[in-house]
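One letter stands for each residue in the lines below.
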Amino acid sequence: MRKTVLILLVALMLLALPASAWGYNTPTVSKGHGVVYGMLTSDSHILIGGEYGFTPDLAIAAALEKEIKIALKYELSSSLAILGGVTDFSPFIGLNGGTALSRDFYGMGEVDFTVNNSKVNFLYNLGLKYNLAKNLDLRGGLHGNVGDGQSQVSFGLGVGLKY
């Protein structure tokens, strides 16, 4: 119950912020394995992303919607990872977190910091993943950014395939 209340409070906080669009990943990394996901967003875009683990702690991740995001992800623990990479031709650094809410539900979020044209932006997402089968999940949530005068919230819904 406490986890559910905490997730709802974070979601309400993020809804109060101006936003546009971004993507989804969990903080866990598996060597030689990864995930590919596709989502439809409320602003009529298709989001395609994925990641692949090179070591038990290091993965490469990418997402494509309005712009491309490419990052290296280092798993600090099963519930926290640090990311660094490039998005929209600007470097970024971020944190990716997640927690199991039940056997099949998983809450995940990400906050990235970037500077583009001398303007500071915070990119974020807050989502849920529901395991439909061992290698297939349904995922969705809110994603956006704060800064640069943008104020649009976007919702995404799609599927993920683990391999």
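Above this note sits the structure.
Draft legend 1. Main features of the pattern of salt bridges. As enumerated under the stated definition, the model contains five salt bridges in all. With a shortest N-O distance of 2.4 Å, Lys69 and Glu110 are connected by a salt bridge. Placement of Lys69 in strand E4 (residues 68-77) and of Glu110 in strand E7 (residues 105-116) is noted, with a sequence separation of 41 residues between them. Comparing Lys69 with Glu110 shows no difference in burial state: the two are buried. Residues Arg103 and Asp104 are paired through a salt bridge, measuring 3.7 Å at the closest nitrogen-oxygen approach. For Asp104, a relative accessible area of 24% gives the class partly exposed. Salt bridges here are not isolated pairs; linked through shared partners, they connect Lys69, Glu110 and Asp112.

Draft legend 2. Seen up close, the side chain of Arg139. Tracing the backbone shows Arg139 in strand E9 (residues 136-146). You can call Arg139 buried: its relative accessible area is 2%. In terms of polar contacts, Arg139 uses its side chain to reach the side chain of Asp137, at 2.9 Å. Excluding residues within four positions of it along the chain, Arg139 makes contact with Tyr24, Val35, Tyr37, Met39, Met108, Leu128, Lys129, Gly156, Leu157, Gly158, Val159 and Gly160.

Draft legend 3. Region of the structure containing the nonpolar core. One finds Tyr24, Tyr37, Met39, Leu47, Ala63, Tyr106 and Met108 forming the largest nonpolar core, which totals seven residues. Of all the secondary-structure elements, those providing two or more residues to this core are strand E1 (34-41) and E7. If we skip the residues at most four places from it in the chain, Met39 touches Tyr24, His45, Ile46, Leu47, Arg139, Gly140, Gly156, Leu157 and Gly158.

Draft legend 4. Quick peek at the side chain of Glu51. Secondary-structure assignment places Glu51 in strand E2 (residues 46-53). Each residue touching Glu51, except ones within four places of it in the same chain, is listed here: Asn25, Thr26, Thr28, His33, Gly34, Val35, Ile60, Ala61, Lys73 and Tyr163.

Draft legend 5. Structural detail: unusual backbone geometry. For Ser44, which is not glycine, the phi torsion reads 60° and is therefore positive. In this fold, Ser44 is placed in the loop between E1 and E2. Here Ser44 falls in the exposed class, since its relative accessible area comes to 70%.

Draft legend 6. Fine view of the sheet that holds E2. Spatially, E1-E2-E3-E4-E5-E6-E7-E8-E9-E10 is the arrangement adopted by the 10 strands of the closed barrel, whose pairing is antiparallel. Going from strand to strand, the sheet's axes swing by 20° on average, the running direction of each strand aside. Bridge analysis of E1 against E2 gives seven bridges, and the strand direction is antiparallel. Bridge pairing links Leu40 to Ile46 in E2.

Draft legend 7. Geometry of the environment of Thr99. Within the secondary structure, Thr99 is located in strand E6 (residues 90-100). Between the alpha carbons of Thr99 and Ser79 there is a distance of 5.9 Å; along the sequence they are 20 residues apart.

Draft legend 8. Structural view of the pairing of strand E8 (residues 119-133). Two strands pair when backbone bridges link them, and E7 and E8 are joined in this way by 12 bridges, in the antiparallel orientation. Note that in E8 the partner of Gly109 across the bridge is Leu126. Taken together, E7 and the strand that follows it, E8, pair antiparallel across an intervening segment of two residues, in which Asn117 is found at a positive phi of about 55°. Hairpin connection between E8 and E9: a loop of two residues separates the two successive antiparallel strands.

Calculation rules
Note on numbering: residues in each chain are counted from 1, in written sequence order. Selection of residues for local features in this predicted model requires a pLDDT of at least 70, selection of side-chain atom pairs for listing and counting requires 80 or more, and totals for whole chains, interfaces and linings are taken over all residues. To obtain the side-chain values, all non-hydrogen atoms of the structure were used and water was disregarded. Just to be clear on terms, a salt bridge is a Lys or Arg side-chain nitrogen sitting within 4 Å of an Asp or Glu carboxyl oxygen. Runs of E in the DSSP output that reach at least two residues are strands. Runs of H or I that reach at least four are helices, and both are numbered from the N terminus. Residue burial is assigned from relative accessible area. The probe radius is 1.4 Å, only protein chains are included, and a residue is buried under 20% of its type maximum, exposed over 50%, and partly exposed in between. For the purposes of these results, a polar contact is taken to be a pair of N or O atoms within 3.5 Å, where, inside protein, one atom must be able to donate a hydrogen and its partner to accept one; residues adjacent in sequence count only when each atom of the pair is a side-chain atom. Any pair of residues with heavy atoms lying within 4.5 Å of one another is described as a contacting pair. Definition of nonpolar core: a set of buried residues of the types Ala, Val, Leu, Ile, Met, Phe, Trp, Tyr and Cys, connected through side-chain atoms within 4.5 Å. Pairing between strands is defined by DSSP: at least two bridges between them are needed. Fitted lines through C-alpha atoms give the axes, limited to the stretch in contact for helices. The angle between two N-to-C directions lies from 0 to 180 degrees.

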